[in-house]
Amino acid sequence: MNQNKLVYIGSGVSVAIVFFIGGLLIGRFAIPRPSNTIVTCNISAVNKRTEEERKIIWNDLKQRFLSLVNAQEIEKNLQNFTRNTHLAGTDDDRTEAESISTKWREYGLDVTIHPYDVLLSYPHPIQPNIVSILDQNNNAIFQSNGSEPIFNEDDQSLPFKNIVRPFLAYSPNGIVQSRKLFYINYCTIEDFQFMETVIDKNELNGSIVICRFGKIFRGNKINNAEKYGIIGVILYSDPINFAPNLIRPGSTYPNSIYMPDMGHQRGTALVLSGDPLTKHYPSKDYMYRAPIENNPWLPKIVAQQIGYREAKEILIRMTGIPVVSNWTGGLDQVKYVYGGLLLDDLSLKISSYNTLQIRRVHNVIGTITGHIEPDRYVLIGAHFDAWNFGAIDDGSGVAVNHELVRVFTSLVKSNWKPRRSLMFCAWAAEEYGIVGSIEFVEEFAKILGSRVVSYINMDAIVAGIDFMLMEMSPLLYDFAIDISKQVCMMFILTREQVLLPIKGKSSIQCYKSLTSFSTMGLSAISDFAGFNQIAGSSNIAMGYLNKNDVKGIGTYPLYHTQYENFRLVKTFVDPQFQAHQAIGRAIGLSALTLTDIDLLPFNPARYHQALVNLLNLTKSMAPKSINFTSLQNAIDHFKIAADQFNQRIQTTLNKSK
């Protein structure tokens, strides 16, 4: 009985298989089909129409995007941002992170918040850091104020009481005193080396030095001084750099963009990027932390900034021979000398009351998920912390970031779907040493390293309106220049500082031509540092500046002062917010293109040019005994590979036409 059942089942299965195969054969060969020629022609016609339609659709999308970026919306964003202070790790900072996340969720982004517990630095809440001149009996005959005055023209409703007192973050607390005071220009390595030709370098040991802001990072100034056994550093903003028209009445803030005599540039003295306690690793609760005591990344000597009115009181009491002409500043009735013992047996004292504290900061990330390559990311970012109201650094970036979120989400609501994922980033604690973005990249290094297409940075993107400075990774040089040609703007400049103004025009004009190449790519002074150095992505940064700022100190005069408020921008920097709008369009169009384009516009041949220029620079600085043949051969082989790659790409594109 059981054997018969098996026979019946086996027979049934065999018959079913035969009928199934027979049906496939009949369907394949018995049913008439259109000829191959007709199909080929139809497909060709459809492809041609589709390509033309795609160009029309793409151009229409770009024009819609450009028309949506609104100067008034950016102005409103900046005005809202500058109503509060934004010191990292404070209640205001946490409130701003929550506000950003709420705003972006309302627009429709998928928002996540990433907290990190990092080491930050703060001055004493009551006792200001001060610099004093003492007589022979240790009585103070002069003492710095440790604060900035509020002007009648400033908005008196602003919370000035919440602005952090002038201090240099991470510089240690302590009191140092010396009768020896030296003026070291900008405190660059070259300045110290030149000083060795003027005096015995051992005289610097145990002394205090005074130098002006500019040329190099303030933390490097302190680090350079530490190597010479110096016990304290005083920094000030000399009017020759920060108030060039000082002899004219009303030539400084609140009547212009220039530094008043009691203005103080705040800033970090940390020479490391990221949390100094968790180098190379994210500052999460499960992570090992290096001890604060004897931490190699923290400054070891006391340092404090003062206003140039206060610096004058110190400089006029110095002794020594006059400095060379290029060391001379712009203070009236001051004879700039190299220094030595102070006049009349006076001594100088620096009193610092800074503290180190582990505080929680929050990055905010908002995402529009791609529909074809969702695991490839284009990122736009700006930091939202500031030493003050942050109207320029980085209120300009925050205001444009919010506007781009509004514009891109409105495109999504009109059925636009990006090919790749677009991520908007609001970074925490950038001012302390690029902390928030570095911790984020360290936490997700493996994912970001394999998936990031590009990161576009916005940091103090409108500090003037004279021209736009573009910095980019070599792979994106041609792309960035092409984007700039599609957006109306007043000026454009590359790292080599080839200025192309369109004279006689007060409104935004269209950029026309540019021949220079950005040889050095991006630096490591903002939130693109982690993406450059850890994730290894190709990135872009751009910003509007004034010509005098680039030629002189490399930043705007009221940098990190409490006068960096909405009034400054509205009255003096960009009254109509046209520069904000133009750079928002350029950054947004870059992101839109990189997010949606099929073939990424990377040009490896530009890396060869960058490598050649870097090699030539290295040769000019290196001893003649060094042999660069192997490196030169490697660069030559890279050029061959890059040219072959570009040729294959072009061949493929030609076949697809």
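Heads up: the structure comes first, above all this text.
Scoring rules and cut-offs
- Residues numbered from 1 in each chain as written.
- Predicted model: local features only at pLDDT ≥ 70, side-chain atom pairs only at ≥ 80, totals over all residues.
- Heavy atoms only, no water.
- Helix = DSSP H or I, 4+ residues; strand = E, 2+ residues; numbered from the N terminus.
- Contact = heavy atoms within 4.5 Å.
- Areas by Shrake-Rupley, 256 points an atom, 1.4 Å probe, with all protein chains shown as cover.
- Pairing = 2+ DSSP bridges.
- Axes fitted to C-alpha atoms, helices over the stretch in contact; angles between N-to-C directions.
- Expected span 1.5 Å × (residues − 1).
- Buried < 20%, exposed > 50% of the residue type's maximum accessible area, 1.4 Å probe, protein only.
- Patch = residues over 30% accessible without salt bridge, like charges linked within 9 Å, V, L, I, M, F, W, Y side chains within 5 Å.
- Salt bridge = Lys/Arg side-chain N within 4 Å of Asp/Glu carboxyl O.
- Phe/Tyr/Trp six-rings, centres within 6.5 Å; stacked < 30°, edge-to-face > 60°.
- Core = buried A, V, L, I, M, F, W, Y, C linked by side-chain atoms within 4.5 Å.
- Domains from an automatic or database assignment.
- Polar contact = N/O pair within 3.5 Å; in protein donor to acceptor, adjacent residues only side chain to side chain.
- Parallel < 35°, antiparallel > 145°, perpendicular 65-115°, else oblique.
- Left-handed = near helix turned anticlockwise from the far one by under 90°.
- Nonpolar A, V, L, I, M, F, W, Y, C, P; charged D, E, K, R; others polar.

### Considerations on the overall build of the protein
Part 1 of the argument: Across its full length, the protein carries 18 helices and 18 strands.
Part 2 of the argument: Taking all contacts inside the protein whose residues are at least 6 apart in sequence as the whole, residues at least 24 apart take part in 81%.
Part 3 of the argument: Working note: accessible area of the protein is about 30,200 Å², and carbon and sulfur atoms make up 53% of it.

### Remarks on the sheet that holds strand S8 (residues 232-236)
Part 1 of the argument: What the five strands build is an open sheet, ordered S10-S8-S7-S6-S11; its pairing is mixed. The two strands at the open ends of the sheet, each matched to only one other strand, are strand S10 (302-306) and strand S11 (339-341). Neighbour-to-neighbour, the strand axes of the sheet open up by a mean angle of 15 degrees, direction not taken into account.
Part 2 of the argument: Where strand S7 (residues 208-212) lies against S8, five bridges are found, and the strand directions are parallel. Looking across to S8, one finds that Ile 208 is bridged to Gly 232.
Part 3 of the argument: Lying on the sheet, helix H6 (residues 218-226) is in contact with S7, S8 and S10; it crosses S8 at an angle near 150 degrees.

### Observations regarding unusual backbone geometry
Part 1 of the argument: Between Tyr 253 and the following residue, Pro 254, the backbone shows a cis peptide bond with an omega angle of 20 degrees.
Part 2 of the argument: Along the chain, Pro 254 falls in the loop between helix H7 (239-242) and strand S9 (267-268).
Part 3 of the argument: Each neighbour pair has its own omega, and for Asp 393 with Asp 394 the value is 0 degrees, a cis peptide bond.
Part 4 of the argument: Of note, Asp 394 is situated in the loop between strand S14 (373-383) and helix H9 (395-413).
Part 5 of the argument: The backbone of Asn 415 sits at a positive phi, close to 80 degrees, despite the residue not being glycine.
Part 6 of the argument: As for its placement among the helices and strands, Asn 415 is situated in the loop between H9 and strand S15 (420-427).

### Focus: the sheet that holds strand S3 (residues 140-143)
Part 1 of the argument: With antiparallel pairing, the four strands of this open sheet are ordered in space as S3-S2-S12-S5. Sheet topology places S3 and strand S5 (174-178) at the edges, where each strand pairs with a single neighbour. Each neighbouring strand pair of the sheet contributes to a mean axis angle of 20 degrees, computed without reference to strand direction.
Part 2 of the argument: Strand direction decides the pairing type here: S5 and strand S12 (residues 347-352), joined by five bridges, are antiparallel. Residue pairing in the sheet places Ile 175 in a bridge with Ser 351 of S12.

### Remarks on helix H17 (residues 605-621)
Note on helix geometry: an α-helix contains 3.6 residues per turn, so any two residues three or four positions apart are oriented the same way.
Part 1 of the argument: The terminal C-alpha atoms of H17, which comprises 17 residues, lie 25 Å apart, in line with the 24 Å expected from a rise of 1.5 Å per residue.
Part 2 of the argument: Listed in full, the buried residues belonging to H17 are Ala 605, Arg 606, His 608, Ala 610 and Leu 615.

### Quick word on a nonpolar patch on the surface
Part 1 of the argument: Side chains of Leu 614, Leu 617 and Met 621 sit close together on the surface and give an oily, nonpolar patch of about 290 Å² of accessible area.
Part 2 of the argument: Within the element layout of this structure, Leu 614 appears in helix H17.

### Things to note about the environment of Arg 406
Part 1 of the argument: On the secondary structure map, Arg 406 appears in helix H9.
Part 2 of the argument: We classify Arg 406 as partly exposed; its relative accessible area is 21%.
Part 3 of the argument: C-alpha separation for the pair Arg 406 and Lys 103, spaced 303 residues apart in sequence, amounts to 9.6 Å.

### Quick notes on the pairing of strand S16 (residues 452-457)
Part 1 of the argument: Here S16 lies mainly inside the structure; six of its six residues are buried.
Part 2 of the argument: Bridging between S14 and S16 involves five bridges; their strand directions are parallel. Each residue of the ladder has a partner; that of Ile 380, found in S16, is Ile 456.
Part 3 of the argument: Relative to strand S18 (residues 538-545), S16 runs parallel, the two sharing four bridges. Looking at the pairing, Ile 456 lines up with Ile 540 of S18.

### Comments concerning the packing of aromatic side chains
Part 1 of the argument: Under the defined criterion, the tally for this structure stands at 25 aromatic pairs.
Part 2 of the argument: Taking the centre distance of 6.1 Å and the plane angle of 80 degrees together, the rings of Tyr 183 and Trp 327 count as edge-to-face. You can see Tyr 183 sitting in strand S6 (residues 180-183) and its partner Trp 327 sitting in the loop between helix H8 (308-315) and S11, a full 144 residues away along the chain. Judged on exposure class, the residue Tyr 183 and its partner Trp 327 are both buried.

### Quick notes on the nonpolar core
Part 1 of the argument: Among the nonpolar cores identified, the biggest contains 166 residues, and Phe 65, Ile 210, Tyr 236, Phe 408, Phe 424 and Tyr 432 are the most heavily contacted of them.
Part 2 of the argument: Two domains share this core, each providing at least three of its residues, namely domain 1 (53-107 + 363-496 + 509-596) and domain 2 (128-147 + 163-352).
Part 3 of the argument: Those residues in contact with Ile 210 that lie beyond four places of it in its chain are Leu 181, Phe 182, Tyr 183, Ile 184, Ile 234, Tyr 236, Ala 311, Ile 314, Leu 315 and Met 318.

### A few points about the pairing of strand S17 (residues 467-472)
Part 1 of the argument: Counting buried positions along S17 yields six of six residues, so the element is predominantly enclosed.
Part 2 of the argument: Covered by surrounding structure in S17 are Phe 467, Leu 469 and Glu 471 together with Met 468, Met 470 and Met 472, the residues of both alternating faces.
Part 3 of the argument: Where S17 meets S18, six bridges bridge the pair, whose relative direction is antiparallel. Within S18, the position partnered with Leu 469 by the bridge is Gly 543.

### A closer look at the side chain of Ser 121
Part 1 of the argument: On the secondary structure map, Ser 121 appears in strand S1 (residues 110-122).
Part 2 of the argument: Given a relative accessible area of 0%, Ser 121 falls into the buried group.
Part 3 of the argument: A polar contact of 2.9 Å, which involves the side chain of Ser 121, links it to the backbone nitrogen of Tyr 170.
Part 4 of the argument: Beyond its immediate stretch of four places on either side in the chain, Ser 121 contacts Phe 167, Ala 169, Tyr 170, Asn 354, Thr 355, Leu 356 and Tyr 432.

### Some points on the packing of H17 against helix H18 (residues 629-656)
Packed helices, taken two at a time, are described by the angle their axes make and the gap between the axes.
Part 1 of the argument: Packing of H17 against H18 brings their axes to within 8 Å, and their N-to-C directions diverge by 165 degrees. The orientation of H17 with respect to H18, classified from their angle, is roughly antiparallel. In this structure, H17 meets H18 at a crossing whose hand is left-handed. In contact with Ala 605, Tyr 607, His 608, Leu 611, Val 612, Leu 615 and Lys 619 of H17, H18 contributes Leu 631, Gln 632, Ile 635, Phe 638, Lys 639, Ala 642, Asp 643 and Asn 646.
Part 2 of the argument: Looking at the contact of H17 with H18 residue by residue, the classes come out as nine nonpolar, three polar and three charged.

### Digging into helix H10 (residues 435-443)
Part 1 of the argument: With eight of nine residues buried, H10 lies mostly within the body of the structure.
Part 2 of the argument: Considered for burial, the residues of H10 that qualify are Val 435, Gly 436, Ser 437, Ile 438, Glu 439, Phe 440, Val 441 and Glu 442.
Part 3 of the argument: Against S1, strand S13 (355-368), S15, helix H11 (445-451) and helix H13 (529-535) lie the buried residues of H10.

None of this, on its own, says anything about what the molecule does.
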